[in-house]
Amino acid sequence: MKSATQLYIVPTPIGNLEDITLRALRTLKEVDFILAEDTRTSGNLLKHYGIEKKLVPHHLFNEHKTIESILERLRDGATCALVSDAGTPAISDPGYLLVRSCIQAGVRVECLPGPTAFVPALVNSGIASDHFVFEGFLPHKKGRHTRLTALANEEKTMIFYESPHRLVKALTQFTEYFGEDRLACVSRELTKIYEENVRGTLKELIACYANKKVKGEIVIVVAGKD
Ligand code: SAM
C-alpha cells in the first residue's frame, strides 16, 4: 500500500495564473503548512486562489538551518507543500536539499506535475526534443568556460536559463563554443501576454537582440552538435 505523502512539491505558474492544476490547488488547501521561497510572492498567489494557509520561509539562505525542524514536524505526521516563486521547486530553485533529506529520513515525497519554463521553451523551439540536457543557469565567472568547453561537443539539445541583461553576451559566447551557424531559440516571457519565441542561428539571434533593451525572463535552447 502507498504510504501517506508528507512532503508535496507543488509547481506554480510561470506567468499565466491559469496554469495551476486542480490537484496543486487541493494540495495547497489540504497540507498543514506551506514552505515558500518568498512568502510575499506566494502569499499573493494563494490570495488569488482564495487559499489561506500558514507560509514558512524556505530559501537558499535558510534551507540548511531549517531542514531538521521541518523533518521533525513531518516525522510527527504533519504534511507540507514546497513552492517556489514560479515553476517547479528544485528546478533552478531551492528544493533538492529538502527532497534528498526527506528521502534519507524515510519521509514520503511526491512531486506534482506542473509548470516549468524549460519544457515549453524546448517544445516551442522546434529543435530536437527527443534528447536534451538541462543546464539551468551557467556559472557567471568561475566554471563558465569549463562548462561551455564540456558542452562544445554535446550532441543533445541544450537548455539554458539566462537573465535578460546577459542575453547578448551569452549568445555571443555560445558562438565561440558552438559556432555562429548553430540553431537556437530564445523564449521570452513564456505564458505571459508578450510571450516571444525567436528562432534562428546564433548569429541571427545576436543581430535580433544586439540593439534592443531586452526585458523579461528568458530560456535559450541551442541545438546539439550534428
Ligand atoms: N523553477 C523555475 C522553473 O521550473 O522553470 C525556474 C526558476 S529560475 C530561478 C528563474 C528562471 O527561469 C528565469 O531566469 C528564466 O530563465 C526561467 N523562467 C521562468 N519563468 C519564465 C518565463 N515565463 N519565460 C521564460 N523563462 C522563464
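Below, the structure is looked at part by part. (Residues numbered from 1 in each chain as written. Predicted model: local features only at pLDDT ≥ 70, side-chain atom pairs only at ≥ 80, totals over all residues. Heavy atoms only, no water.)

1. Some details on the side chain of Ser-42
Reasoning step 1: Looking at where Ser-42 falls in the secondary structure, it is placed in helix H2 (residues 39–48).
Reasoning step 2: The class of Ser-42 is buried, set by a relative accessible area of 4%.
Reasoning step 3: Those residues within four positions of Ser-42 in sequence are excluded, and the remaining contacts are Ala-36, Leu-55, Val-83 and Ser-84. (Helix = DSSP H or I, 4+ residues; strand = E, 2+ residues; numbered from the N terminus. Buried < 20%, exposed > 50% of the residue type's maximum accessible area, 1.4 Å probe, protein only. Contact = heavy atoms within 4.5 Å.)

2. Focus on the packing of helix H6 (residues 144–151) against helix H7 (residues 167–178)
Reasoning step 1: The interhelical angle for the contact between H6 and H7, taken along N-to-C directions, is 50°, at an axis separation of 9 Å. When the axes of H6 and H7 are compared, the pair comes out oblique. The element H6 and its partner H7 pack so that their crossing is right-handed. Between H6, through Arg-144, His-145, Leu-148, Thr-149 and Leu-151, and H7, the contact on the second element is made entirely by Ala-170, Gln-173, Phe-174, Tyr-177 and Phe-178.
Reasoning step 2: Residues belonging to the contact of H6 with H7 are distributed by class as follows: 6 nonpolar, 3 polar and 1 charged. (Axes fitted to C-alpha atoms, helices over the stretch in contact; angles between N-to-C directions. Parallel < 35°, antiparallel > 145°, perpendicular 65-115°, else oblique. Left-handed = near helix turned anticlockwise from the far one by under 90°. Nonpolar A, V, L, I, M, F, W, Y, C, P; charged D, E, K, R; others polar.)

3. Details of the sheet that holds strand E8 (residues 183–188)
Reasoning step 1: Here 5 strands make up an open sheet; going across it, the order is E6-E7-E10-E8-E9 and the pairing mixed. Two strands lie at the open edges of the sheet, namely strand E6 (132–137) and strand E9 (196–201), each paired on one side alone. Sheet twist, expressed as the mean angle between neighbouring strand axes with direction ignored, is 15°.
Reasoning step 2: The pairing of E6 with strand E7 (residues 157–162) spans 5 bridges and is classified as parallel. Looking at the pairing, Val-133 lines up with Met-158 of E7. (Pairing = 2+ DSSP bridges.)

4. Here we look at the packing of aromatic side chains
Reasoning step 1: Scanning the model with the defined rule gives 6 aromatic pairs in all.
Reasoning step 2: On the numbers, 6.2 Å between centres and 50° between planes, the contact of Phe-118 with Phe-132 is tilted. One end of the pair, Phe-118, is in helix H5 (residues 118–125); the other, Phe-132, is in strand E6, with 14 residues separating them in the sequence.
Reasoning step 3: Overall, the relative accessible area of 12% leaves Phe-118 in the buried class.
Reasoning step 4: The interplanar angle of 40° and the centroid separation of 4.6 Å between the aromatic rings of Phe-160 and Phe-174 together place this pair among those described as tilted. With Phe-160 in strand E7 and Phe-174 in helix H7, this residue pair connects regions lying 14 residues apart in the sequence.
Reasoning step 5: Residue classification places Phe-174 among the buried positions, given a relative accessible area of 1%.
Reasoning step 6: The ring of Phe-33 is capped by Arg-73, whose NZ or CZ atom sits 3.8 Å from the centre of that ring. (Phe/Tyr/Trp six-rings, centres within 6.5 Å; stacked < 30°, edge-to-face > 60°. Lys NZ or Arg CZ within 6 Å of the ring centre and 35° of its normal.)

5. A few points about the sheet that holds strand E3 (residues 55–57)
Reasoning step 1: Taking strand neighbours across the sheet as the criterion, the 5 strands line up as E3-E2-E4-E1-E5 in an open arrangement whose pairing is parallel. Looking at the sheet topology across the chains shown, the edges are occupied by E3 and strand E5 (109–111). Looking at each pair of strands side by side, their axes are set apart by 25° on average, direction ignored.
Reasoning step 2: Across 3 bridges, the pairing between strand E2 (residues 33–36) and E3 is parallel. Directly across from Ala-36, in E3, lies its bridge partner Pro-57.

6. Digging into H5
Reasoning step 1: If you check which residues of H5 are buried, you get Phe-118, Ala-121, Leu-122 and Ser-125. Projected down its long axis, H5 shows its buried positions confined to an angular sector of 95°, all on one face.
Reasoning step 2: Its buried side turned inward, H5 meets E6, E7, E8, E9 and strand E10 (218–222).
Reasoning step 3: Positive phi shows up at Gly-126, right after H5, with a value of about 75°. (Arc of directions from axis to C-beta.)

7. A look at the packing of helix H3 (residues 63–75) against helix H4 (residues 96–104)
Reasoning step 1: At a minimum axis distance of 10 Å, the contact between H3 and H4 shows a crossing angle of 40°. The angle between H3 and H4 places the two elements in the oblique class. As for how H3 packs across H4, the hand of that crossing is right-handed. Residues Glu-63, His-64, Ile-67, Ile-70, Leu-71 and Leu-74 of H3 touch H4, and the partners they reach there are Leu-97, Leu-98, Ser-101 and Cys-102.

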